[in-house]
Amino acid sequence: MIARRIDEAFARPTPLPGDHDLFADFRDRLDAGRVRAAQPDPSAPHGWRVNAWVKRGILLGFRLGTLARYELGDGLLHFSDKSTFPPKTSSPGDGTRVVPGGSAVREGAYLGRGVTCMPPMYVNVGAWVGDGTMIDSHALVGSCAQVGRRCHISAAAQIGGVLEPVGALPVVIEDDVLVGGNCGIYEGAIVKRGAVLGAGVIITRSTPVFDIARGDVIRAADDGPLVIPEGAVVVPGSRPIGNGPGREWNLSLQAPVIVKYRDDRTGERIRLEDLLR
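Small disclaimer: the values here were computed from a predicted structure and weren't measured. (Residues numbered from 1 in each chain as written. Predicted model: local features only at pLDDT ≥ 70, side-chain atom pairs only at ≥ 80, totals over all residues. Heavy atoms only, no water.)

1. Some details on the sheet that holds strand β18 (residues 184-185)
Here we have 6 strands laid out as an open sheet, ordered β6-β9-β12-β15-β18-β21, and parallel in their pairing. Of all the strands in the sheet, the pair left with one neighbour each is β6 (104-105) and β21 (202-203). Where strand β12 (residues 140-141) lies against strand β15 (residues 158-159), 2 bridges are found, and the strand directions are parallel. Its bridge partner being in β15, L140 is matched across the sheet by Q158. (Pairing = 2+ DSSP bridges. Helix = DSSP H or I, 4+ residues; strand = E, 2+ residues; numbered from the N terminus.)

See below:
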C-alpha cells in the first residue's frame with residue numbers, strides 16, 4: 001500500500017534509490033486527485049478527515065529534490081525550485097483553462113475539469129480544486145487546501161496553506177462557495193457548502209464569528225476547526241474592545257458577521273458569476 005511505503009520512506013534518515021520512483025508515483029496520484037491531503041468523511045466530527053501520510057509524502061518530495069533551473073520562453077523567464085516539484089503542465093484535453101499572464105500551478109496540485117485560472121494566480125502543491133471552480137486574479141490556493149466544485153475564489157483572495165504540522169486540517173472550502181475579493185481564510189477553517197464570504201472577510205481558527213441571524217457566536221472548539229455554517233452570508237464587521245486602554249482609546253477589533261443565510265435572491269446574484277466563465 002502506497003501510504004505505508006510513503007511513511008516508511010519518510011521515517012528513513014537516508015533515502016533509498018527506489019524512493020524517487022515511489023515519490024513520482026505518489027505525485028502522479030496527487031496530480032490526478034486520486035489521493036488528497038484531506039477528504040470528506042461523514043463519520044468525522046466536522047465531515048473531513050486529514051490524511052497525514054499525504055502531507056508526509058509531500059515533505060518527502062522536498063527532501064528528495066535538488067535545486068533545478070526551469071526556463072520558459074527560450075530562457076526569457078527562468079527560476080529555480082526543487083526538482084521534485086516542477087510547474088504543472090496541462091493540455092486542452094484536461095478541460096482546464098489557465099489564461100496567459102503569469103499564473104502558476106505546481107506539480108502535485110489537482111485541478112478538476114472546467115477550472116478557470118485567471119492571471120496571475122497560484123496553486124501550491126497538495127491543493128485540490130474541484131470541477132467548475134474559478135480562481136481569479138492574484139488569488140492563492142495554498143498547500144493542501146481543499147476547494148470544492150463550482151466555487152468562485154475572487155480576486156486577491158488568499159486560501160492559506162497548511163503543510164505542517166502534518167496532522168493539522170488544511171483549509172477547506174466546500175462546494176458552491178463564493179469567496180469575495182481580498183478575503184483571507186487560514187489555519188484550518190472550514191467553509192461549508194453554499195456559504196458566501198463578502199469582500200474583505202478574514203477568517204482564522206481563532207476568529208470568533210458573530211451570527212446575528214441566529215443569535216450565536218461561532219468559535220472553534222477544543223482542537224477542532226472553525227466552521228462557517230452551510231449557506232451563511234458573512235461580511236466584515238467590528239466589535240469594540242471592552243476594557244483597558246483599548247476601551248479608553250475607542251478601539252475595535254475586526255469581527256466577521258453572519259448577516260443572513262443564503263436564499264433564492266442570494267443565489268440569483270451569485271449565478272451572474274457564471275456569465276464570466
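2. Some details on the sheet that holds strand β14 (residues 152-153)
Within a beta sheet, neighbouring strands are joined by backbone hydrogen bonds and run either parallel or antiparallel to one another. Here 10 strands make up an open sheet; going across it, the order is β5-β8-β11-β14-β17-β20-β25-β28-β22-β23 and the pairing mixed. If you trace the sheet from one side to the other, it starts and ends with β5 (97-98) and β23 (216-218), each paired once. In terms of strand pairing, strand β22 (residues 209-211) meets β23 through 3 bridges, oriented antiparallel. By the bridge assignment for β23, D211 is matched with D216.

3. Focus on empty space enclosed by the protein
Applying the stated criterion across every chain, the model contains 1 cavity of 30 Å³ or more. In this model, the largest cavity occupies a volume close to 30 Å³. Taken together, L30, G33, V35, R36, A37, G108, Y110, G126, A127, W128 and Q146 make up the full set of residues lining the largest cavity. In terms of residue class, the lining of the largest cavity is made up of 6 nonpolar, 4 polar and 1 charged. (1 Å grid on protein atoms, 1.4 Å probe; cavity = no way out; pocket = protein on both sides within 12 Å on 5 of 7 lines; lining within 4 Å. Points joined across faces, edges and corners; volume = space filled by probe spheres on them. Nonpolar A, V, L, I, M, F, W, Y, C, P; charged D, E, K, R; others polar.)

4. Re a nonpolar patch on the surface
A cluster of nonpolar side chains, L72, L77 and F79, forms an exposed patch at the surface whose accessible area comes to about 260 Å². Within the fold, L72 resides in strand β3 (residues 67-72). (Patch = residues over 30% accessible without salt bridge, like charges linked within 9 Å, V, L, I, M, F, W, Y side chains within 5 Å. Areas by Shrake-Rupley, 256 points an atom, 1.4 Å probe, with all protein chains shown as cover. Salt bridge = Lys/Arg side-chain N within 4 Å of Asp/Glu carboxyl O.)

5. Structural notes on the pairing of strand β25 (residues 232-235)
The pairing of strand β20 (residues 196-197) with β25 spans 2 bridges and is parallel. Bridged to L197 within β25 is V234. Taken together, the 4 bridges between β25 and strand β28 (residues 257-261) define a ladder with antiparallel strand orientation. The residue bridging A232 from the neighbouring strand is Y261, located in β28.

6. A word on the pattern of salt bridges
Here the structure, examined in full by the defined rule, presents 11 salt bridges. With a shortest N-O distance of 2.6 Å, D19 and R12 are connected by a salt bridge. By relative accessible area, D19 is classed as buried at 4%. Here D31 and K88 are joined by a salt bridge, their closest N and O atoms 3.2 Å apart. Of this pair, D31 sits in helix α2 (residues 19-32) while K88 sits in the loop between β4 (77-82) and β5, placing them 57 residues apart in sequence. (Buried < 20%, exposed > 50% of the residue type's maximum accessible area, 1.4 Å probe, protein only.)

7. Remarks on the environment of T84
Tracing the sequence through the fold places T84 in the loop between β4 and β5. A relative accessible area of 8% places T84 in the buried class. A C-alpha to C-alpha distance of 8.8 Å links T84 and H20, two positions 64 residues apart in sequence.

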